[in-house]
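Structural characterization, general
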Amino acid sequence: MHILLVINNPVGGIRTYLRYVYGQPCFQDFRFTLIAPDVNFSEYLKETGLSDIIEFVNVENSHLAFLKTIRRLLRTKHFDLIHSHGFKSGVICEVAKTGKNIRHLMTTHDVFLPKQFQGHKGIIKKQFLQLIFKRITCINPVSEDAKNNLLEHFKYIDPEKVYAIHNGIDVENYEKARPFDMHGFTGIDKNRYLIGFFGRFMAQKGFRDLVDAIEMLVKKDQLNPMPMVLTFGWGGFIREDYQYITEKNLREYFVQLPHTDDVPAALKSVDMVAMPSLWEACSLLAMEALTAGTPLIATNCIGLREILKDTPAKIVPPQNPKALAQAIEAFVASPPKKEFQLFAEQARQRFSVKHSAVELHNLYITIKIHS
């Protein structure tokens, strides 16, 4: 099969998704043409080996440029299927394929919030999306939570064409990875407990709730020494978030580190991972932390609670710094490392991307057969 992939915003989790899923053996005989802006993306495809099966087409990040490029490729090449990633990409593809007899699969990597459809503009936006989504051949949310969220907001979509496939990860990397000396690397005293925050600096990831939780622990003054929070990568609202830390006089408890490509080793090199998310579609990071055997504190928000079910993760409500602070204090007082390490083997079986890849492969075949 030759599949046209369209990604409007190829950053964060979608990159990881591509590497994990399309790197599986079941796609070795497939051909893909990928349309996306080249935000260091062509290099990423080479580094991951995906360039062997994926032909990359760079496009300017504008709706018109995407529309023209999709129309041109549909006119000059044969594709068995269009596979868009993300709501925006899905809308663009469905408009671009008008008049073309080709099936369209949209994978959704996010969820909708009620506030997105408030007011007159929100109502019009929702009606427009309803029309577009009804036209799409098949919609593939990355979790049952995300599927239910979609059907809750768009009640006229045929549930039969909405097919959830859970995200998965390359579990072998997490089994083989070895921790490194994070205390020595950062110069932090070896007796200090290290909390890893691996999320992007966006409101969705709840970073400021973690800052507020650390402030509560500092004021309580029961932990000696106080734990340190390590954050990774740049971008988003990092400037504003670190200004928030400075305003609270908490800079001595936070260390900003560069982006790391060796996430398995980094996860194994911290004492715990904090995920105070407000919402997720299907969290890869939670899977990664659990597979690495690293203690995890996370919220029971949509898209995350599904992953945390029947795991040793400590679950707290979203937007509740007090509960987060209490959970951190309990982990520092009695580190549950052994419990999480014992669960890691079960996590590797549960979260393996091999399951996700085979399901997607079979979905491709099913859509082709019925075209």
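Computed from a predicted structure; not experimentally measured. (Residues numbered from 1 in each chain as written. Predicted model: local features only at pLDDT ≥ 70, side-chain atom pairs only at ≥ 80, totals over all residues. Heavy atoms only, no water.)

**Let's talk about the overall build of the chain**
Helix and strand counts for the chain come out as 16 helices and 12 strands. At 22 Å, the chain has a C-alpha radius of gyration in line with the 21 Å of a compact globule built from 371 residues. Within the chain, the fraction of its 371 residues that count as buried is 56%. Counting only contacts in the chain whose residues sit at least 6 apart along the sequence, the fraction spanning at least 24 positions is 71%. A total of about 17500 Å² of accessible surface is found on the chain, and carbon and sulfur atoms cover 50% of it. In the chain, the 45 positive side-chain charges and the 39 negative ones have mean positions that sit 7 Å from each other. (Helix = DSSP H or I, 4+ residues; strand = E, 2+ residues; numbered from the N terminus. Rg over C-alpha atoms; globule rule 2.2 N^0.38 Å. Buried < 20%, exposed > 50% of the residue type's maximum accessible area, 1.4 Å probe, protein only. Contact = heavy atoms within 4.5 Å. Areas by Shrake-Rupley, 256 points an atom, 1.4 Å probe, with all protein chains shown as cover. Lys, Arg positive; Asp, Glu negative; His and termini not counted. Charge placed at Lys NZ, Arg CZ, Asp CG, Glu CD.)

**A look at the side chain of Thr107**
For Thr107, the position within the fold is in strand β5 (residues 104-108). According to the relative accessible area criterion, Thr107 is buried, its value standing at 0%. With residues near it in sequence (within four places) discarded, Thr107 still touches Tyr17, His83, Ser84, His85, Gly86, Asn140 and Val142.

**A few points about unusual backbone geometry**
Following Asn224, the chain continues into Pro225 via a peptide bond in cis, with omega recorded as 5°. Topologically, Pro225 is positioned in the loop between α9 (207-220) and β8 (228-232). A positive phi is found at Asp221, a non-glycine position, where the angle reads about 60°. Secondary-structure assignment places Asp221 in the loop between α9 and β8.

**So, empty space enclosed by the protein**
Taken as a whole and judged by the stated rule, the model has 1 cavity of 30 Å³ or more. Within this model, the largest cavity holds a volume of roughly 40 Å³. Along its surface, the largest cavity is lined by Tyr17, Val21, Asn140, Val142, Ile165, His166, Asn167, Ser356 and Leu360. Elements with a minimum of two residues in the lining of the largest cavity: α1 (13-22) and α16 (353-369). Partitioning the lining of the largest cavity into residue classes produces 5 nonpolar, 4 polar and no charged. (1 Å grid on protein atoms, 1.4 Å probe; cavity = no way out; pocket = protein on both sides within 12 Å on 5 of 7 lines; lining within 4 Å. Points joined across faces, edges and corners; volume = space filled by probe spheres on them. Nonpolar A, V, L, I, M, F, W, Y, C, P; charged D, E, K, R; others polar.)

**Concerning the side chain of Arg192**
Topologically, Arg192 is positioned in the loop between α8 (182-186) and β7 (194-197). Although Arg192 is buried, it makes no salt bridge; Glu252 carries the closest opposite charge, 5.7 Å away. Within the structure, the side chain of Arg192 is placed 2.9 Å from the backbone oxygen of Met226, a separation counted as a polar contact. (Salt bridge = Lys/Arg side-chain N within 4 Å of Asp/Glu carboxyl O. Polar contact = N/O pair within 3.5 Å; in protein donor to acceptor, adjacent residues only side chain to side chain.)

**So, the environment of Leu18**
Here Leu18 shows up in helix α1. Here Leu18 is in contact with Ile7, Gly23, Leu34, Phe41, Leu50 and His85, once residues within four sequence places are set aside.

**Regarding the nonpolar core**
In this structure, Tyr22, Phe32, Phe254, Leu296 and Tyr364 are the most contacted members of the largest nonpolar core, which totals 104 residues. Setting aside residues up to four positions removed in sequence, Tyr364 forms contacts with Met1, Ile3, Leu5, Tyr22, Phe27, Phe30, Phe32, Leu81, His83 and Leu105. Counting residues in hydrophobic clusters, the runner-up holds 16 residues, among them Leu4, Ile70, Leu74 and Phe79. (Core = buried A, V, L, I, M, F, W, Y, C linked by side-chain atoms within 4.5 Å.)

**As for the sheet that holds strand β6 (residues 138-141)**
Pairing within the open sheet is parallel, and its 6 strands lie in the order β3-β2-β1-β4-β5-β6. Looking at which strands have only one partner, the edges of the open sheet turn out to be β3 (54-58) and β6. Taking each pair of neighbouring strands and ignoring which way they run, the sheet shows an average axis angle of 20°. Where strand β2 (residues 31-36) meets β3, 5 bridges bridge the pair, whose relative direction is parallel. Bridge pairing links Leu34 to Phe56 in β3. Strands β1 (2-7), β4 (81-85) and β5 of the sheet are contacted by helix α4 (residues 87-96), whose axis makes an angle of about 165° with β5. (Pairing = 2+ DSSP bridges. Axes fitted to C-alpha atoms, helices over the stretch in contact; angles between N-to-C directions.)

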